[in-house]
Amino acid sequence: MAKDYFLASGRWDNVVLVIDLEKAIDPANDGTAKAVVNRLRVTPDIEVDGKTVISSGQPITIAIAPDYKRAYAINHSGRTRPEAAAAFQHGHAGTVTVIDLKKALDPASNNTLAAVEGYIETGGFGPTGFAITADGKHAALAHAEREGDEDGGRHISIVDLATNKVIQRIEQAYGKPGFPCPPDPVPHRAPDPKFGCFPDTNGVTISPLGGGTIFGANGGTDDISVISLQKAIAGAAGAEVARIPVQAGGFGISTSPDGKLVAHASRENAQTDTPGNTVSIIDVEKALSDPAKAEVARVLVGTDDKSVPTRPFVAAFLPDGKRILSTHFRSNNIDFIDVEKAIAGQPATIKRVELKTPGGEPSRPRGIAITPDGKYAAITGAPKGKPNSSVIWIVDLASYEVKGRVTEIGNESYMIGAFQAP
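Scope of this entry: the structure provided in the associated data block. Predicted model, so just to flag it, every value in this text is computed and none were measured.

## A look at unusual backbone geometry
Next, step 1: For the bond running from Cys181 to Pro182, omega is -5°, close enough to zero to count as cis.
Next, step 2: Assignment of secondary structure puts Pro182 in the loop between strand S12 (165–171) and strand S13 (201–207).
Next, step 3: A cis amide bond links Asp184 with the next residue in sequence, Pro185, at an omega value of 0°.
Next, step 4: Looking at the element boundaries, Pro185 is found in the loop between S12 and S13.
Next, step 5: At Arg11, a position not held by glycine, the phi torsion is positive, near 40°.
Next, step 6: Here Arg11 lies in the loop between strand S1 (3–9) and strand S2 (15–20).
Next, step 7: Residue classification places Arg11 among the buried positions, given a relative accessible area of 2%.
Next, step 8: Residue Tyr68 is not a glycine yet carries a positive backbone phi of 60°.
Next, step 9: Structurally, the position occupied by Tyr68 is in the loop between strand S6 (59–64) and strand S7 (70–75).

## Structural notes on the sheet that holds strand S15 (residues 223–228)
Next, step 1: Pairing in this open sheet of 4 strands is antiparallel, and the strands run S13-S14-S15-S16 from one edge to the other. Strands at the two margins of the open sheet, each flanked by one partner only, are S13 and strand S16 (240–245). Averaged over all neighbouring strand pairs, the angle between strand axes comes to 20°, with direction disregarded.
Next, step 2: Bridge count between S15 and S16: 5 bridges; the pairing is antiparallel. By the bridge assignment for S16, Ser225 is matched with Arg243.

## A short note on the nonpolar core
Next, step 1: Residues Phe313, Leu325, Ile334, Phe336, Ile368, Ile370 and Ile379 are the most contacted members of the largest nonpolar core, which totals 24 residues.
Next, step 2: Every element with two or more residues in this core is listed here: strand S21 (312–317), strand S23 (333–338), strand S25 (368–370), strand S26 (376–381) and strand S27 (391–396).
Next, step 3: Counting residues in hydrophobic clusters, the runner-up holds 19 residues, among them Val15, Ile19, Val36 and Ile394.

## Comments concerning the environment of Phe317
Next, step 1: Residue position: Phe317 is located in strand S21.
Next, step 2: Taking the C-alpha atoms as reference points, Phe317 and Lys3, separated by 314 residues in sequence, lie 22 Å from one another.

Calculation criteria
Residues numbered from 1 in each chain as written. Predicted model: local features only at pLDDT ≥ 70, side-chain atom pairs only at ≥ 80, totals over all residues. Heavy atoms only, no water. Helix = DSSP H or I, 4+ residues; strand = E, 2+ residues; numbered from the N terminus. Buried < 20%, exposed > 50% of the residue type's maximum accessible area, 1.4 Å probe, protein only. Pairing = 2+ DSSP bridges. Axes fitted to C-alpha atoms, helices over the stretch in contact; angles between N-to-C directions. Core = buried A, V, L, I, M, F, W, Y, C linked by side-chain atoms within 4.5 Å.

And the structure:
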């Protein structure tokens, strides 16, 4: 029988962590690290002033191949010197670490690079989102930044996963902020009123409709890019076919199991740093034919008060396609949304769950991974702090109850993936 595992980013600890679901839901292990199978190094050693040190890659996103043979850890700052990443976490050249999932489960891989197959040079700065096509042949990679700056990201890369090479760079359109683009100077960090020209795409997801369509959550322009996958792979002109405005710049974005809908979490506005509090539901066919009408629902999440900012981080469809799970960094809770009711304009919150850390700190939920059978979700969170300060919550998707909390999950753990193995 196959077992369920999660692979979580450890960000500032420069590791990814393998978590055993069975151990995580054992009541005896609640609030401990006993479900952690391995801590995998994913960034290489570099030489700094004659000394060998571990580079500060900031692995923030995890993507799992459809066949569960490989995983991809997106390193926001690649092979950066630790002091450079600590001084300013943005604007560094990125890499993607290719991980052998069989080796990831081997005890000999613990605290080593043994599970690493290689690295993908992204050719961009501040990479974030990474979405794999259903056939496992290609991936869409988002770059949120330019060299030295948090703003300035304006392309999506297409990666050939057979060669682990970037084969195309799709330039995205400027936004329409009401002033000339690009701004001079380009904003160094958010918030800044001169954000709004560069899309600064964070999360990406792919629908099979339209011959394959990439959707990008644009943190800089408060909208969603709609990109033809076929044109992107071919490097053809006009690959970006539309933009869909949303409440605020997003990070986590996902596609429904049937490919017909996309869910987008409106995290914050980069000009003002104002957090959002909604999840947008996008109709994929309308995004391709009539993008002005593509947003078919905008759901208030994390609160019942429209004036309360909740900073939604990720919106993820559950495998049944009937529900969306969203995480809210500011309000320290998660919502389960009824998709049909949301589209009908009816009250759609099925359940709101407060997440609590074992130590009493704010939960600050971020990433979501869901087991293939749709029974459990794993959610990353806890404030940025010291090494091993993050937490994972395991939530039963039938009862909406927290069934376990796993501690010592890196420092500022972001995204997480699910996979199965014998």
